[in-house]
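Each chain, written out:
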Amino acid sequence: MPNIDAIAHRAASATPPGVARTVRGLSDRSIAWLFVAPTMLLLLAINIFPLIWTVYLSFTNFASNRPNRPVVNVGLKWYRDILNSPEIWAAMQATAHFVFWTILFQTLIGFALAYLIDRKFRGHAFWTTIILIPMMLSPAVVGNFWKFLYQPQIGLFNYIVSFFTGVPPSSFEMLGSVTLAPWAIVIVDTWMWTPYVMLICLAGLRSIPDYILEAAEVDRASRWQQFWSITLPMALPFIMLAVLFRGIENFKMFDMVMLLTGGGPGSTTELASIALKRQAFEAYRTGYSSAFAIILFVVVFGLANVYVKALNKVKQR
């Protein structure tokens, strides 16, 4: 085992005298900042600088495919164009549809699964592991897997629907229908991320002290009364936390939808992130796309801030 005192002595003797005197003169707070400062500077460089640069570009006519063109300040032109663009509003509407229904289904199904698993029936650990498998897969794998399942001729999904409804399997196409395509991506995202919501809800259910439920049983409260008066209110902060996380993630959903539909048919499933990608890397409207990115950031940040305040009020009750 190495001699700690000998190692410390060698390290101290190798330190230049000037540095040693400077370090000995520092307070504990200064030493702590000395260690934290490099990490903070790195985070600022990675996060803050790109945000500031994006804000700057949103007021210019800069195009990434024409870097030598003179950069001109266009003021609020891009912001006005975006807010008056029917295509952008259609993308925002598609995003709102996707976010609302995925959060609704994931919360309901995830909480129901968590409530069942919390009963600790025989084999609950095995079924918990099985349920978590979709969450462990890559979005690329999930997108290609479900794209195959949605094939109208050989896909299993159409045959399952046909078995329960009697509709011919080849009579509808989930990814090629304007009506069904938005629901197709909702189903896939719900299948993939419901286990994540289930885990957070399960943590909330496991945090409820047993003595509270035992006291309710002593007072002859029914299971239904225990659920509405104790279980659901005490698990509500965890449910809201899951909704917050999934809402932010689904608002910026890109990869899975791009693999499944590419934003089609037409622009039916073109979410805001896909519209932003098209403007930035296909149309090369860098200033326009920067303004769009800032608008999306403000929307998500504003809604999340309001939601967090509501969450804090629920936690304080």
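Residues numbered from 1 in each chain as written. Predicted model: local features only at pLDDT ≥ 70, side-chain atom pairs only at ≥ 80, totals over all residues. Heavy atoms only, no water.

## Some remarks on the overall build of the chain
Logical step 1: A tally of helices and strands in the chain yields 14 helices and zero strands.
Logical step 2: Walking the chain from its N terminus toward its C terminus, one meets helices and strands in the order α-α-α-α-α-α-α-α-α-α-α-α-α-α.
Logical step 3: Taking 20 Å as the expected radius of gyration for a compact globule of 317 residues, we find that the chain reaches 27 Å, considerably beyond that expectation.
Logical step 4: A buried classification covers 34% of the 317 residues belonging to the chain.
Logical step 5: At a minimum sequence separation of 6, the contacts of the chain that also span at least 24 residues come to 66%.
Logical step 6: As displayed, the chain has an accessible area near 19,500 Å², and 69% of this comes from carbon and sulfur atoms.
Logical step 7: Put simply, the chain has 24 plus and 15 minus side-chain charges, and the middle of one group is 7 Å from the middle of the other. (Helix = DSSP H or I, 4+ residues; strand = E, 2+ residues; numbered from the N terminus. Rg over C-alpha atoms; globule rule 2.2 N^0.38 Å. Buried < 20%, exposed > 50% of the residue type's maximum accessible area, 1.4 Å probe, protein only. Contact = heavy atoms within 4.5 Å. Areas by Shrake-Rupley, 256 points an atom, 1.4 Å probe, with all protein chains shown as cover. Lys, Arg positive; Asp, Glu negative; His and termini not counted. Charge placed at Lys NZ, Arg CZ, Asp CG, Glu CD.)

## A word on helix α8 (residues 156-165)
Logical step 1: Along α8, the residues that are buried comprise F157, N158 and S162. Down the axis of α8, the buried side of the element spans an arc of 135°, and every buried residue falls inside it. Across from the buried face of α8, at angles greater than 90 degrees, the exposed residues are L156, F163 and F164.
Logical step 2: The elements touched by buried residues of α8 are α7 (139-149) and α9 (181-206).
Logical step 3: Following α8 by one or two positions, G166 adopts a phi angle in the positive range, close to 85°. (Arc of directions from axis to C-beta.)

## What to know about the environment of G75
Logical step 1: Residue placement: G75 occurs in the loop between α3 (28-57) and α4 (77-83).
Logical step 2: The spatial distance from the C-alpha of G75 to the C-alpha of N61 is 9.5 Å, given a sequence separation of 14 residues.
Logical step 3: Leaving out residues up to four positions away in the same chain, G75 has contacts with S58 and F59.

## Notes on the nonpolar core
Logical step 1: By size, the foremost hydrophobic cluster in this structure holds 40 residues, and its most contacted members are W146, Y150 and F292.
Logical step 2: Elements with a contribution of two residues or more to this core: α4, α5 (86-117), α7, α9, α11 (223-251), α12 (255-260), α13 (272-281) and α14 (286-316).
Logical step 3: When residues no more than four places from it in sequence are discounted, the contact partners of W146 are F157, I187, V188, W191 and L260.
Logical step 4: Counting 17 residues, the second-largest nonpolar core is a separate cluster that includes I117, I200, C201 and I239. (Core = buried A, V, L, I, M, F, W, Y, C linked by side-chain atoms within 4.5 Å.)

## Side note on the packing of aromatic side chains
Logical step 1: Under the definition given, this model contains 23 aromatic pairs.
Logical step 2: Relative to F227, the ring of F111 has its centre 6.0 Å away and its plane inclined at 55°; by these criteria the two rings are tilted. In this pair, F111 sits in helix α5 while F227 sits in helix α11, placing the two residues 116 residues apart along the sequence. Each member of the pair, F111 as well as F227, is classed as buried. (Phe/Tyr/Trp six-rings, centres within 6.5 Å; stacked < 30°, edge-to-face > 60°.)

## Describing the pattern of salt bridges
Logical step 1: Scanning the entire structure with this criterion turns up eight salt bridges.
Logical step 2: Residues D81 and K77 are paired through a salt bridge, measuring 3.2 Å at the closest nitrogen-oxygen approach. Taken together, the residues span about one helical turn, with D81 and K77 both in helix α4 at a distance of four residues.
Logical step 3: Judged by relative accessible area, D81 falls into the partly exposed class, the value being 28%.
Logical step 4: Of the charged contacts in the structure, one is a salt bridge between R119 and D118, with a shortest N-O distance of 3.2 Å.
Logical step 5: In this structure R119 comes out as partly exposed when scored by relative accessible area, which is 42%. (Salt bridge = Lys/Arg side-chain N within 4 Å of Asp/Glu carboxyl O.)

## Digging into the packing of α9 against α11
When two helices pack together, their arrangement is given by the angle between the helix axes and by the axis-to-axis distance.
Logical step 1: As a packed pair, α9 and α11 sit with axes 9 Å apart at the nearest point and diverge in direction by 145°. Of the two possible hands of crossing, α9 and α11 adopt the one that is right-handed. Of α11, the residues touching α9 (which contributes D189, W193, Y196, V197, I200, C201, A203, G204 and L205) are T231, A235, F238, I239, A242, F245, R246 and N250.
Logical step 2: Taken together, the residues of the contact of α9 with α11 sort by class into 12 nonpolar, three polar and two charged. (Axes fitted to C-alpha atoms, helices over the stretch in contact; angles between N-to-C directions. Left-handed = near helix turned anticlockwise from the far one by under 90°. Nonpolar A, V, L, I, M, F, W, Y, C, P; charged D, E, K, R; others polar.)

## Regarding a nonpolar patch on the surface
Logical step 1: There is a patch of nonpolar side chains on the surface, built from L116, F121, F126, W127, I130, I133, L137, V141, F145 and W191 and spanning about 910 Å² of accessible area.
Logical step 2: Elements with a contribution of two residues or more to the nonpolar patch: α6 (124-136) and α7.
Logical step 3: At four residues, the largest contribution of residues to the nonpolar patch is made by α6.
Logical step 4: Turning to its location among the elements, L137 is positioned in the loop between α6 and α7.
Logical step 5: The exposure class assigned to L137 is partly exposed, which follows from its relative accessible area of 33%. (Patch = residues over 30% accessible without salt bridge, like charges linked within 9 Å, V, L, I, M, F, W, Y side chains within 5 Å.)

## What to know about unusual backbone geometry
Logical step 1: Note that the residue after G264, namely P265, is joined by a cis bond; omega there is -5°.
Logical step 2: With respect to the helices and strands, P265 occurs in the loop between α12 and α13.
Logical step 3: For R220, which is not a glycine, the phi torsion comes out positive at approximately 60°.
Logical step 4: When you line up the elements, R220 lands in the loop between α10 (210-218) and α11.
Logical step 5: Phi is positive for Y284, close to 55°, though the residue is something other than glycine.

On their own, these measurements won't tell you what the molecule is for.
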